Amino acid sequence: MKNTIRTFGLFSFMILAFSFSGNAQTRSTKSKSNTKTVVTKTSTRSRVVPRKTVVYKTPKKKVTTYRSIPTNAKVIKHNNQNYYYTNNKYYRNYNGRYIAVAPRAGVRVTNLPTGFRRVKFGTRNYYNYDGVFYIQIQNEYEVVAPEVGTIVYELPDGAEKVEIDGTILYEYNDVLYEKIQYEGTRAYEVVGMIE
């Protein structure tokens with residue numbers, strides 16, 4: 001009898017645990033203003049994906065290099081690397097030429113790029129511009145990786161179609177997005193990161 005009760009208790013606990021591990025979602029509505037999106041969601045689909053498992057479906061892009069960048073570019077040092085920030089874009093120097101890049105998490109700026117969009121996820125306010133997410137820290141804005149479940153309505157021009165385990169996703173700056181329908185509108189949900 002004790003074994004039956006113990007087995008029943010374990011079985012009940014497992015059922016309860018599995019019911020909470022599903023993909024529970026609650027999303028609030030998009031505000032009337034296109035500059036603010038409010039989203040609340042919990043997801044268990046998050047994952048960190050090894051780079052070697054990602055298959056890029058788009059042809060290899062031609063990289064545009066620049067001989068110089070505007071003289072008003074602000075130099076931002078991060079992890080012993082220099083980023084040159086001007087006109088809402090980041091550049092890095094490679095062998096005497098400049099390439100437009102997405103900044104890595106931890107880069108900080110004093111002003112948000114013109115045209116940013118506010119994205120609220122849970123209690124956190126993100127500021128998104130061209131696929132780069134920022135959070136405010138005192139008087140600065142730091143580049144961060146968005147939380148899984150964050151939804152945006154546009155991907156940056158540099159986003160690439162990828163396949164992972166037979167699933168088609170989109171990648172930009174090592175963030176993986178899944179195309180979804182949300183309230184009758186096409187949107188993109190953050191579902192993971194590439195390591």
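Keep in mind it's a predicted model, so treat the numbers as computed, not measured.

Criteria and cut-off values
- Per chain, the residues get numbers from 1 upward, laid out in the order the sequence is written.
- Confidence filtering applies because this is a predicted model: local features only for residues at pLDDT of at least 70, side-chain atom pairs given and counted only at 80 or more, and all residues used for totals across whole chains, interfaces and linings.
- Hydrogens are left out, water is left out, and the side-chain values use all remaining heavy atoms of the structure.
- Cavities and pockets were defined on a 1 Å grid built from protein atoms only: a cavity is a group of points that admits a 1.4 Å probe but offers it no way out, a pocket is an open group of points flanked by protein on both sides within 12 Å along at least five of seven lines, and a lining residue is one with an atom within 4 Å of any such point.
- Grid points are joined across faces, edges and corners, and a volume is the space filled by probe spheres set on the points.
- In this text, helices come from DSSP runs of H or I with a minimum length of four residues, and strands from runs of E with a minimum of two, each type numbered from the N-terminal end.
- Gly is placed with the polar residues, together with every amino acid not listed as nonpolar (Ala, Val, Leu, Ile, Met, Phe, Trp, Tyr, Cys and Pro) or charged (Asp, Glu, Lys and Arg).
- When DSSP finds at least two bridges between two strands, those strands are taken to pair.
- Centre distance within 6.5 Å is the pairing criterion for rings of Phe, Tyr and Trp, where only the six-membered ring of Trp is used; planes under 30 degrees apart are then read as stacked, over 60 as edge-to-face, and the remainder as tilted.
- Think of it in three bands: with a 1.4 Å probe and only protein chains considered, a residue is buried below 20% of the maximum accessible area for its type, exposed above 50%, and partly exposed in between.

A. Up close: the layout of surface pockets. Put simply, the largest pocket is a space of about 1200 Å³. As for the largest pocket, its lining consists of 33 residues, and the residues nearest its centre are Ala100, Val101, Ala102, Gly158 and Tyr172. Elements with a contribution of two residues or more to the lining of the largest pocket: strand S6 (81-86), strand S7 (89-94), strand S8 (97-101), strand S12 (132-137) and strand S16 (167-172). Counting residues per element, the lining of the largest pocket draws most heavily on S7, which supplies 4 residues. Residues belonging to the lining of the largest pocket are distributed by class as follows: 16 nonpolar, 5 polar and 12 charged.

B. Highlighting the pairing of S6. Inspection of the sheet shows strand S5 (residues 74-78) paired to S6 by 5 bridges, in the antiparallel sense. Residue pairing across strands places Val75 opposite Tyr84, the latter belonging to S6. Connecting the antiparallel pair S5 and S6 is a turn made up of 2 residues, with Asn79 showing a positive phi of about 50°. Both S6 and S7 contribute to a ladder of 3 bridges, which runs antiparallel. By the bridge assignment, Tyr85 is partnered in S7 with Tyr90. Hairpin connection of S6 to S7: 2 residues between the antiparallel strands, including Asn87 at a positive phi of 50°.

C. Local environment of the packing of aromatic side chains. Applying the stated rule across the entire model yields 9 aromatic pairs. A centroid spacing of 5.5 Å and a plane angle of 90° characterise the contact between Tyr84 and Tyr98, whose relative ring orientation is edge-to-face. With Tyr84 in strand S6 and Tyr98 in strand S8, this pair connects stretches of sequence that are 14 residues apart. By relative accessible area, Tyr84 is classed as buried at 16%. Between the aromatic rings of Tyr170 and Tyr188, the centroid separation amounts to 5.8 Å while the plane-to-plane angle is 85°, which identifies the pairing as edge-to-face. Linking Tyr170 in strand S16 with Tyr188 in strand S18 (residues 185-194), this pair joins segments that are 18 residues apart in sequence. Exposure remark for Tyr170: the relative accessible area of 15% places this residue in the buried category. Within the aromatic cluster, the residues linked to one another by ring pairs are Tyr83, Tyr85 and Tyr90.

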